[in-house]
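These are the residues of each chain, in order.
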Amino acid sequence: MKRQTNHKHLVTVSIFLCILLSIVATSFAQVQTRIPRGGNPANHAFPTLGMSAERKVPVAWNRFYDHAGLTAILARLHRAFPESTKLYSIGKSTQDRHIWCLEVTARNVGDPDRKPGMYIDGNIHGNEVQAAETVAYTAWYLCHQYGRLDKVTSLLDERVFYLLPSINPDGRDLWLHTGEQARSGQEPLDNDRDGLVDEDGAEDLNGDGLITMMRIKDPHGRFKLHPDYPEYLMVRTRPGETGDYDLLGSEGIDNDGDGRINEDGPGGYDLNRNWGFDWQPNYVQYGAQDYPFSQPEPRAVAEFVMAHTNIAAAQSYHNAGGMILRTPGSETGPTHSQDERVLALVAERGEKILPFYRSMILWKDLYTAWGSELDWLYGGRGILSFTNELWTSKNLYRTPSSPSDEQQVEFIKYVLMDDGFVPWEEYEHSTYGTIEIGGRKKEWGRVPPSFLLEEELHRNMAFTLFHADMMPMLEISEVEIESLGEGLFKIWVTIENKRLIPTRTSQDMAHHISPPDVVSISGGNIHVLSGGRVTDQYFKRVAAVRHRPERVELDAITGMNAVRVQFVVEGKGEFTITVDSAKAGLLTKSVQLP
């Protein structure tokens, strides 16, 4: 009986141990597979070179934003950095969208309106979308790096940036929200002169959300499938050789029954041919419209620039081709030799900052363009300016030459995993019958893929910040006083320009666009007897002014140079030297007579 009881006891203990082991094993498995608690990765981020870990305004720079998205980024930057920014609209587009400007500077250091100004805009053509991101990225970077990087801090202490991401918001939104190419401004136009406007644009016939190409099988066609990449490429037939296909252009139908397809899409004028310098009418320069500044977007920009006489340099972003373009746009356009030398030197640095970009003169190295923003900024306002054509396909493989069609296909296939190409599929067209629709997406070629976009934004920003840093920076470096006896004193003032760009360009001086620089002396107990510019400091030669000797006008203070001014005064006590330059700011220095 006792033995039986012990046996039952052992069985019970064994069962208990089995259950306990099962519970422990289950608990261990649960511990092993438990999902970790989610946290904020930003709290565990560490900075890489070029950007701090703290981001008051998080923005993903590997994508594009429509007008509302860009507006939200600018508004958030303004709210996060009120001490550095000012946000306002400079006008409205044809379709009543605001053209936003974010003004960025250290607002508590000096008068923002008297700092040398750097004007930056983008996206003048609707399909040049990464241009707007480049400008917005520049604003974002400046705001976040002020107080962290000495270079950015000094830039915002000494300069003011006017940043306009998109000056063609209508075209931008059309490009992003539809399959249209949307290069032009969006005022309705009768491009085919049939009495109707915008009635025959491209259409997404197969409903895939994209507008790609149409092709049709034709035994006498000019194209045949590529032998190695038949699903991606077609090649032209050789003379005397028959083909398999003909290309029919972008997806679309003959909406107005005139026997043509896609000949009157949305808008049609070119915002970069409507500027009031070297303008030519529409029959000479397509897209120019009826007269300079007839369109609201360029007119708003021109009024803004003319109201800000402190703007000493400008940058406009376009795409594509990897170019740093400078004036003139026509063979007869003006570029003074002194100004050309400065532009060439700045662009030379740009070629080092921007791999595979080329420094080019617009008319000479690319094509003739009449009535462009670039020419108006220089010719009409005397501002040293560049237009960067963003992105070059050379950056796909980091090669000095552009990749072949086959290499581009390989990039789409093996790097983008086919994102960039739409497979061809049959479609019954109302005019052509059985056709095929497909081919490369419109994003391919003109804009960089996502993982190369942020690099493009940062490098172009770095070039433009270098350009901004080269704007004139004046310093009253020396004030010498010589006593002539009997309360008379001779005072020499040396003013240095410590940067490359002059206070006034040669174009500015030739056409009296900006007022001359003025060096003046004042004091309650002094009387100025004479004043003038020192033309030879060794032989003490001075070009004396005839009237108002307390005020000496200078045509300009050239880059990396100094001028010397002399005053003869009588009196005693303190006096103040003032240097007033429209594009280089306002400086004062007080000194005591011995």
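Asks: Describe the pattern of salt bridges, naming the residues involved and giving the relevant values.
Replies: Scanning the entire structure with this criterion turns up 24 salt bridges. With a shortest N-O distance of 2.8 Å, Arg326 and Glu340 are connected by a salt bridge. Of the two residues, Arg326 sits in strand β10 (residues 323-326) while Glu340 sits in helix α7 (residues 337-353), which places them 14 residues apart along the sequence. The pair formed by Arg326 and Glu340 is uniform in burial state, with each residue classed as buried. Where Arg548 meets Glu550, a salt bridge forms, and the shortest distance between an N and an O atom there is 3.8 Å.

Asks: How would you summarise the pairing of strand β11 (residues 358-361) if you had to cite specific residues and measurements?
Replies: With four bridges joining them, β10 and β11 adopt parallel strand pairing. In the strand pairing of β11, Ile324 is matched with Ser359.

Asks: Could you give an account of the environment of Trp376, with specific residues and numbers?
Replies: Relative to the helices and strands, Trp376 is located in helix α9 (residues 373-380). Taking relative accessible area as the criterion, Trp376 reaches 4% and is therefore assigned buried. Each residue touching Trp376, except ones within four places of it in the same chain, is listed here: Trp275, Gly276, Phe277, Phe293, Ala302, Val305, Met306 and Arg381.

Asks: Could you give an account of the sheet that holds strand β21 (residues 561-571), naming the residues involved and the relevant values?
Replies: Spatial ordering of the open sheet is given by β15-β16-β21-β18-β19, a layout of five strands whose pairing is antiparallel. What marks the edges here is a single partner per strand, and that holds for β15 (474-485) and β19 (541-544). Strand-to-strand, the axes of this sheet are offset by a mean angle of 30 degrees, without reference to chain direction. Relative to β19, strand β18 (residues 526-536) runs antiparallel, the two being bridged by four bridges. Looking at β19, one finds that Asp536 is bridged to Arg541.

The rules we used
- Residues numbered from 1 in each chain as written.
- Predicted model: local features only at pLDDT ≥ 70, side-chain atom pairs only at ≥ 80, totals over all residues.
- Heavy atoms only, no water.
- Salt bridge = Lys/Arg side-chain N within 4 Å of Asp/Glu carboxyl O.
- Helix = DSSP H or I, 4+ residues; strand = E, 2+ residues; numbered from the N terminus.
- Buried < 20%, exposed > 50% of the residue type's maximum accessible area, 1.4 Å probe, protein only.
- Pairing = 2+ DSSP bridges.
- Contact = heavy atoms within 4.5 Å.
- Axes fitted to C-alpha atoms, helices over the stretch in contact; angles between N-to-C directions.

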